[in-house]
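Descriptive structure summary
These are the residues of each chain, in order.
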Amino acid sequence: MNVVRTPGGFSVRVAPRAVLAVLLLAAAALAASVALIGTGDYPLTPAEVVRTLTGGGTPAQEFIVDDLRLPRVLVALLVGAALALAGAVFQSVSRNPLGSPDVLGIAQGSTVGALSVIVLFQGTPTAVSGGALAGGLLAGAAIYLLAWQKGVHGQRFVLVGIGMTAILTSVVGYLLTQADLNDATRATTWMVGSLNGRDWKQVWPLLAVCAVLAPVVLSQGRDLRMLEMGDDTAYALGVRVERTRLVSLTAAVLLTAAATAAAGPIAFVALSAPQVARRITGSPGPCLTAAACTGAALLVTADWASQHLFGADRLPVGVLTGMLGGCYLLWLLHTERRAGRG
Amino acid sequence: MLAVVSPHVPPGTSPEAVRRRNGVRALGLLAAAGLLFVVAMASVAVGAKQVPLDQVWHGLFHYTGSETDVVVRDLRVPRTLLGILTGAALGLAGTVMQALTRNPLADPGLFGISSGAAAAVVSGISFLGVTSLTGYVWFAFLGAAVVSVVVHVLGGSRSATPVRLALAGTAVTAVLNGYVYAVELTDSAALDRMRFWTVGSLASANATLVGQVAPFIATGVVLAFALVRPLNAMTLGDDQARALGTRPAVTRVLGLAAVTLLCGAATAACGPIVFVGLMVPHMVRSFTGPDLRWVLPYAALLAPVLLLGTDILGRVVARPSELQVGIVTALVGGPLFIRLIRRRRTAGL
C-alpha cells in the first residue's frame with residue numbers, strides 16, 4: 001500500500017497490486033470482446049474488428065460489427081459488470097461469501113416474473129424482460145421490508161432472503177410442471193441465461209441503469225468495507241450503517257433486475273466474480289472495480305468459449321459461465337492452499 | 001478483614017434453572033414425538049381415497065386384502081415411512097451441515113450432493129435410457145457420494161476451512177448445474193423427466209424404495225448423533241475445538257460422511273427437497289438455542305412432521321391429483337419461517 005501526496009496537502013492511498021489487477025482484468029475483458037466480435041459465421045481478424053470499430057471498415061463489415069455483434073458484446077460486458085457489482089454488495093452486506101443475489105432471492109424473483117409471462121401468457125420477449133424486471137424488484141422490496149425491524153440486521157436479511165428463495169424456487173418448480181413441453185423448454189432456456197440475438201434495444205436501458213448506479217455503488221465501497229467488520233465497529237468508524245445498507249442494496253437489486261431482464265439469470269457470476277477479484281487483488285475487503293471487471297471478462301469469455309466449443313448459438317452462455325467460473329474458482333482455491341494462504 | 005465475595009452467577013445458569021429448562025425441553029421432545037405420530041396416522045388416512053382410522057388399524061394389523069387394506073399397506077404406509085425417513089434425514093443433514101460449515105446458508109445440498117445426484121440422474125436418463133425410479137436411486141446415490149468426496153478433496157481435505165468448503169461446494173455445484181442444463185437443452189426427453197424429478201415428491205414411494213434407502217439413512221442417523229459433542233465444539237471454531245480435545249479434521253470427514261449418507265439417500269428417494277434441510281435447523285434453533293444435543297433430536301422429529309404435513313396438504317388441495325411435496329413444503333414452510341425469524345431473536349450457530 002503506497003501513499004501518493006500532492007503539494008496541496010491531499011493524499012491518496014494506492015494499492016499497486018489492485019491497480020495492476022484492475023488494468024489487466026479490463027484489458028482481458030476488452031481482448032475477449034474483440035475476439036468475440038470476430039467470432040461467427042463470417043469471421044473477422046482482430047485487426048479488422050478494431051479497424052471497423054474505429055470507422056474504417058467495409059459497409060458489410062460495418063453492418064456485421066455495429067448492428068449484429070457489438071450490441072451482444074456490450075450486453076455481455078454490462079451484464080457481467082452489473083451482476084458482479086451486485087454480488088459484491090450482497091456479500092459485503094450479508095458478510096457471507098455465499099450471499100449473492102441468486103442465493104438471496106432476487107434472481108428467483110426475476111425468474112418467477114419471467115416464467116409467469118412465458119407459461120401463463122406465452123408473452124413476447126419484451127414482455128418476458130418486463131416480467132423479470134418487475135419480479136426482481138418486487139422480491140428485493142419484499143425481502144428488505146420483511147427483514148426490517150428497527151433496521152436491517154445482516155443475519156436477519158440473509159435468513160429472510162433464503163426463506164424467500166425457497167418459496168420462489170418452489171413457485172418456479174410449480175410453473176415448470178404446469179407448462180407444456182414447448183413452454184418448459186423456452187422457460188429452461190431463459191432460466192439458463194442467454195445472449196443470443198441481443199440488439200441495441202437491450203443495450204440502451206442497461207447502459208443507462210449501469211451509468212447511474214455503478215457510481216452510486218462505487219461511492220459506497222469505503223463504507224461497505226467498514227460494514228464488513230460488523231455494525232458496531234462501522235458505527236464507531238463513522239459509517240451511517242442503515243443508510244449505506246439501504247442505498248447499496250437498492251442499487252444492487254436494481255442492477256441485478258436490469259441485468260436479469262436483459263440476459264436471464266446467468267448463474268454464478270454474482271457469486272464467483274467478487275471472490276475471484278478478492279483473490280486476484282489480494283485485497284482484504286470488497287474490491288468493487290476489480291469485481292466488475294472480473295464479471296465482464298468472465299461473461300464475455302464464457303460467450304466466446306461457448307461459440308467456439310459448441311458452435312454458434314447451440315448452447316446459451318449461462319451453461320458455460322457456471323462451468324468456467326466454477327473451475328476457475330476451484331483452481332484459485334487449490335493454488336491458495338498450496339501457497340499456504342487462506 | 002475478609003471480604004465476602006459472592007460468586008457471580010449469570011441469570012439462567014444456576015443448576016436449578018438449567019434442570020428446569022432441560023425438563024421443559026425433554027417434555028417438548030415428547031410432544032414432538034406425539035405430533036409426529038398424529039401426522040403419520042393422518043398421512044395414512046388422508047388422500048384421494050379417505051380411509052377411516054379403524055380401517056387404518058385393520059389394514060395394518062388384520063390384513064385381509066380388501067381394497068382399503070391394499071391402499072393402506074401398499075401405498076400409504078410406504079409413503080408415510082419414506083416421508084418420516086427422508087424428513088428426519090434431511091433435518092439432521094441440514095443441522096450437521098450448518099454446524100460443520102458454521103454458515104447459516106448451508107443446506108444439505110451445499111457440498112454438491114443434490115447437484116451430483118441430478119447430474120448422475122440426467123446422465124442415466126439421457127445416455128443409458130434409465131426410466132424407472134428404482135433405477136434412478138443408485139445413480140443419484142452414486143453421484144452424491146462421488147461429488148461430496150470431490151468437494152472435500154478440492155476444499156483442502158485436512159486443511160479445509162468452512163469458507164473454503166462452502167466455496168468449493170458452490171463451485172462444483174455450478175459446474176454440474178451447467179452440465180445438467182446442457183444435457184436438458186439438447187435432449188428434450190430428459191428435460192421432460194427431470195422437471196418432475198427436480199421438484200421432489202413422495203408419490204412414487206413403494207416398499208422396495210423404502211428398503212433401498214433405509215439402511216443408509218439409519219447409518220447416517222447413528223453417525224450424526226455420535227458426532228454431537230465434537231460438532232458442538234466445532235461451532236466455537238477449529239482452534240477452540242482442538243483446545244477442547246476434539247479433532248476437527250476427523251469430525252469434518254465423519255460429518256461429511258453422515259451428510260452424504262443422509263442427504264444422498266433422501267435425494268435419491270424423492271428428488272432434491274432443499275427447503276426442509278435448510279429451514280428446519282433454523283426453526284428448531286429459535287426455541288432450543290444452539291446446543292446440538294437438543295437441536296438434533298428436535299430436528300429429527302420436527303422435519304418429518306413438516307414434510308408429512310405438507311405432503312398431506314398437497315394431496316388434499318389438488319384432489320384427485322396432487323401437488324409435489326417439494327413445492328408445498330416451501331410454499332407453506334417459507335412464510336412460516338420468515339414469520340419465525342421476525343418474531344424471535346434468531347439464535348446464531
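Figured I'd write up the structure that's included with this text. As the structure is a prediction and not an experimental result, all values here were calculated from the model.

1. Comments concerning the overall build of chain B
Helix and strand content of chain B: 14 helices and zero strands. Relative to its length of 349 residues, chain B is compact, with a C-alpha radius of gyration of 22 Å against a globular reference of 20 Å. For chain B, the spread of C-alpha atoms along the three principal axes comes to 85 × 50 × 35 Å. Taking as baseline every contact in chain B between residues at least 6 positions apart, the subset at least 24 positions apart corresponds to 75%.

2. Considerations on unusual backbone geometry
Residues and elements named next belong to chain A. With a phi close to 50 degrees, Gln122 is a non-glycine residue in the positive phi region. Position of Gln122 among the secondary structure elements: in the loop between helix H4 (106-121) and helix H5 (125-147). For Gln122, a count of 12 C-beta atoms within 10 Å corresponds to the exposed category.

3. Some points on the nonpolar core
By size, the foremost hydrophobic cluster in this structure holds 237 residues, and its most contacted members are Leu85 of chain A together with Leu262 of chain B. Of the residues forming this core, the biggest block, 19 residues, is contributed by helix H3 (residues 59-94) of chain A. Non-local contacts of Leu85 of chain A, meaning those with residues more than four positions away in its chain, are made with Ala214, Val217, Leu255, Leu288, Ala291 and Ala292 of chain A.

4. Description of the interface of chain B and chain A
Counting residues at the interface gives 44 residues for chain B, matched by 46 residues for chain A. Elements represented by at least two residues in the side of chain B that touches chain A include exactly helix H6 (162-186), helix H7 (188-199), helix H12 (274-288) and helix H14 (325-343) of chain B. Broken down by element, the residue count for the side of chain B that touches chain A peaks at 16 residues, all from H6 of chain B. Looking at side-chain class alone, the side of chain B that touches chain A contains 27 nonpolar, 12 polar and five charged residues.

5. Here's the deal with the packing of H4 of chain A against helix H7 (residues 181-192) of chain A
In helix packing, the relevant descriptors are the interaxial angle and the interaxial distance, both defined with respect to the helix axes. Residues and elements named next belong to chain A. Relative orientation of the contacting elements H4 and H7 amounts to 155 degrees, with a least axis distance of 10 Å. Looking at the two axes, H4 sits roughly antiparallel to H7. Crossing handedness for the pair H4 and H7: right-handed. Where H4 abuts H7, its residues Thr111, Ala114, Leu115, Ile118 and Val119 lie against Asp183, Arg186, Ala187, Trp190 and Met191. The residue makeup of the contact of H4 with H7, split by class, is seven nonpolar, one polar and two charged.

Rules behind the numbers
- Residues numbered from 1 in each chain as written.
- Chains lettered and ligands numbered in written order.
- Predicted model: local features only at pLDDT ≥ 70, side-chain atom pairs only at ≥ 80, totals over all residues.
- Helix = DSSP H or I, 4+ residues; strand = E, 2+ residues; numbered from the N terminus.
- Rg over C-alpha atoms; globule rule 2.2 N^0.38 Å.
- Contact = placed C-beta atoms within 7 Å.
- Buried ≥ 20, exposed ≤ 12 C-beta atoms within 10 Å, placed from the backbone.
- Core = buried A, V, L, I, M, F, W, Y, C linked by C-beta atoms within 7 Å.
- Nonpolar A, V, L, I, M, F, W, Y, C, P; charged D, E, K, R; others polar.
- Axes fitted to C-alpha atoms, helices over the stretch in contact; angles between N-to-C directions.
- Parallel < 35°, antiparallel > 145°, perpendicular 65-115°, else oblique.
- Left-handed = near helix turned anticlockwise from the far one by under 90°.

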